[in-house]
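Read off the chains here:
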Amino acid sequence: MRKVMILGGNVAQVPLIEAAKQEGYYVVLVDYTTTNPGIALVDRHYQVNFMDREKVLEIARQEQVEGIISNSEPAMTVVAYISEQLNLVGNTLNSILNVSSKIGFRELQKRIGVYVPEHVLTGSFSEACQLADRLTFPIMIKPSKSSGSRGITMVSCRKQFEQYQEAWEACSRFSLDNKVVLEEYVQMDPPGHTIEAEVFVCNGKFLWDGLFTNLRKRDALSIPMTNIFPPIVSDAQLCQVKATIKELFRGAGIVFGEYNIELFYTPSGKLFCIEINARQGGSGMPDLVKRYSGVDMYKLLITTTMGDVSYFEKLLQEERQGKFVVRHEVFSKKDGVFQQLYIAPELRPYVTDVQLFLKTGENVDACRTAEDMVAWVDLEFETRDQQLQMLCQIEEAIYPVV
């Protein structure tokens, strides 16, 4: 039986494990816990920290695995290291490092000639105060190595920055290397609209079924809120998005895998790639892509990891008509006690799934980061016009009663 190694057995990795078992693979799991839900599903479990790459390499050699994969962002550097050492399907460690560090990614963008804002890297608040003078305010404070919107703060003026030591320190704690990037703020056009993607690449070929538009929260533009399939872009913009992503992948040296990507247009018409996450998107994004296009990203990632490109080649040859699908992520506007989730009557006929992350009576936090999500609601519409009409006031139509 062919063996695949999966790093991490948490809830996010369970669908990968299940896909591997459905394909008939022997699954070797590396997970330092004894309680994560994926452990009960695998053939062999090693209670080892998957960030200990030499130990993981030793296990991979001992088990003679034919592929290694994860969808945990910290694990992706280890996945690349092992695949490079054992000549398995995957990327070089250097290629993943090119996109996993925010400052490294900004330098890559600068090097290959795509749009990038001015930025600096710092390891102390006193140094940050000095380096901030090189930038035009407003600026963003971002963890150097992190995922999602954790720790991100916008500072509107130089005087205000000096009052943000606490925000800087919090940002530093979110960063895996304890360093922080200061970056000039870039306006979105339209405001709050980003183009996002679950992009899959294998053997130099790309699958684009995971392209969509995300609407950010009106009062917190760093926080993703409403995912809309298919993306709201012109044909010309779609071509530019694909060409830019291909150029970034070539520059980074990325040749394989699934990536979660965020981009947007500036008021001057420049396309800005915020980040490339070297993993599947969170919040069940592969499931949402499947609902939209029928493409099973878990199966795709597992089979190609093992060198089986039959499903990938089949998808390349198919013509698919995507549905008008939405996932709305719900946040609270204030701290309090969760009572229930309100969904306006006019939207209820289009709801296909609701995932609640709080029970009645539990404390709820006002939205400060993406981790404060209360629920998500999936909807499906018959036409684009119907979809857009129903989404006009989505924050007023779906919200937690607190």
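Residues numbered from 1 in each chain as written. Predicted model: local features only at pLDDT ≥ 70, side-chain atom pairs only at ≥ 80, totals over all residues. Heavy atoms only, no water.

*Asks:* Looking at this structure, I do not really get the overall build of the protein. What am I missing?
*Replies:* Tallying secondary structure elements over the protein gives 14 helices and 20 strands in all. The C-alpha atoms of the protein give 21 Å as radius of gyration, which agrees with the globular expectation for 402 residues (21 Å, within 12%). Each principal axis of the C-alpha distribution contributes one length, and for the protein these read about 60 × 55 × 50 Å. Look at the contacts in the protein between residues 6 or more apart in sequence, and 65% of them connect residues 24 or more apart. A total of about 17700 Å² of accessible surface is found on the protein, and carbon and sulfur atoms cover 47% of it. (Helix = DSSP H or I, 4+ residues; strand = E, 2+ residues; numbered from the N terminus. Rg over C-alpha atoms; globule rule 2.2 N^0.38 Å. Contact = heavy atoms within 4.5 Å. Areas by Shrake-Rupley, 256 points an atom, 1.4 Å probe, with all protein chains shown as cover.)

*Asks:* For this particular structure, what's the right way to read the sheet that holds strand β3 (residues 44-46)?
*Replies:* Backbone hydrogen bonds are what pair the strands of a sheet, in a parallel or an antiparallel way. Overall, parallel pairing links the four strands, which are arranged β3-β2-β1-β4 in an open sheet. What marks the edges here is a single partner per strand, and that holds for β3 and β4 (67-69). Taking each pair of neighbouring strands and ignoring which way they run, the sheet shows an average axis angle of 20 degrees. Bridge count for strand β1 (residues 3-7) against β4 is three bridges, and the pairing is parallel. Along β4, the bridge assignment pairs Val 4 with Gly 67. The strands that helix α2 (residues 53-63) touches are β1, β2 (26-30), β3 and β4; relative to β1, the one it contacts most, it runs at about 160 degrees. Packing against the sheet, helix α11 (residues 297-305) makes contact with β1 and β4, and its axis sits at approximately 145 degrees to β4. (Pairing = 2+ DSSP bridges. Axes fitted to C-alpha atoms, helices over the stretch in contact; angles between N-to-C directions.)

*Asks:* I would appreciate a short explanation of the layout of surface pockets in the present structure.
*Replies:* Picture a little ball the size of a water molecule; that probe, rolled over the atoms, points out where space is still empty. Taken as a whole, the second largest pocket spans an internal volume of roughly 300 Å³. Along its surface, the second largest pocket is lined by 16 residues, and Trp 208, Asp 209, Lys 242, Tyr 292 and Arg 320 are the ones closest to its centre. The element contributing the most residues to the lining of the second largest pocket is strand β10 (residues 205-217), with five residues. Within the lining of the second largest pocket, the residues separate by chemical class into eight nonpolar, three polar and five charged. (1 Å grid on protein atoms, 1.4 Å probe; cavity = no way out; pocket = protein on both sides within 12 Å on 5 of 7 lines; lining within 4 Å. Points joined across faces, edges and corners; volume = space filled by probe spheres on them. Nonpolar A, V, L, I, M, F, W, Y, C, P; charged D, E, K, R; others polar.)

*Asks:* What am I meant to see in the packing of α2 against helix α3 (residues 76-85) here?
*Replies:* One can describe the packing of α2 onto α3 by two numbers: an axis separation of 10 Å at closest approach and a directional angle of 45 degrees. Considered as vectors, α2 and α3 are oriented oblique to each other. Helix-helix and strand crossings are classified by hand; for α2 and α3 the assignment is right-handed. Taken together, the residues of α3 that come into contact with α2 (itself represented by Arg 53, Glu 54, Val 56, Leu 57, Ala 60 and Arg 61) are Val 78, Tyr 81, Ile 82 and Gln 85. (Parallel < 35°, antiparallel > 145°, perpendicular 65-115°, else oblique. Left-handed = near helix turned anticlockwise from the far one by under 90°.)

*Asks:* I'm lost on the environment of Ile 17 in this one. Help?
*Replies:* Within the element layout of this structure, Ile 17 appears in helix α1 (residues 14-22). Among the residues examined, Ile 17 registers a relative accessible area of 0% and is labelled buried. Residues Ile 17 and Gln 187, 170 residues apart in the sequence, show an inter-C-alpha distance of 40 Å. Not counting residues up to four positions away in its chain, the partners in contact with Ile 17 are Ile 6, Gly 8, Gly 9, Val 27, Leu 29, Gly 38, Leu 41 and Val 42. (Buried < 20%, exposed > 50% of the residue type's maximum accessible area, 1.4 Å probe, protein only.)

*Asks:* Would you mind showing me how to read the packing of aromatic side chains here?
*Replies:* Here a ring pair, both rings aromatic, is described through the centre-centre distance and the interplanar angle of the planes. With the rule as written, the count across this model stands at 12 aromatic pairs. Summarising the aromatic geometry, the rings of Phe 200 and Phe 312 are spaced 5.9 Å apart at their centres and angled 45 degrees between planes, so their arrangement reads as tilted. Remark: Phe 312 occurs in helix α12 (residues 310-317) and Phe 200 occurs in strand β9 (residues 193-202); sequence separation between them is 112 residues. An angle of 75 degrees between the planes, with centres 5.1 Å apart, marks the rings of Phe 249 and Tyr 259 as edge-to-face. (Phe/Tyr/Trp six-rings, centres within 6.5 Å; stacked < 30°, edge-to-face > 60°.)

*Asks:* Looking at this structure, I do not really get the side chain of Ser 172. What am I missing?
*Replies:* Its location among the elements puts Ser 172 in helix α8 (residues 165-174). Those residues in contact with Ser 172 that lie beyond four places of it in its chain are Asn 178 and Val 180.

*Asks:* Got a minute to help me understand the nonpolar core in this structure?
*Replies:* One broad rule of soluble globular proteins: the nonpolar side chains tend to lie buried together. Core analysis: the biggest nonpolar cluster contains 81 residues, and Met 5, Leu 7, Phe 249 and Ile 261 have the highest contact counts within it. Leave out the neighbours within four places in its chain, and Ile 261 touches Ile 195, Glu 196, Ala 197, Val 199, Ile 245, Phe 249, Cys 273, Glu 275 and Ile 276. Core analysis: the next-biggest nonpolar cluster, separate from the first, contains 22 residues, Ile 228, Ile 343, Leu 347 and Val 364 among them. (Core = buried A, V, L, I, M, F, W, Y, C linked by side-chain atoms within 4.5 Å.)

By themselves these figures say nothing about function.
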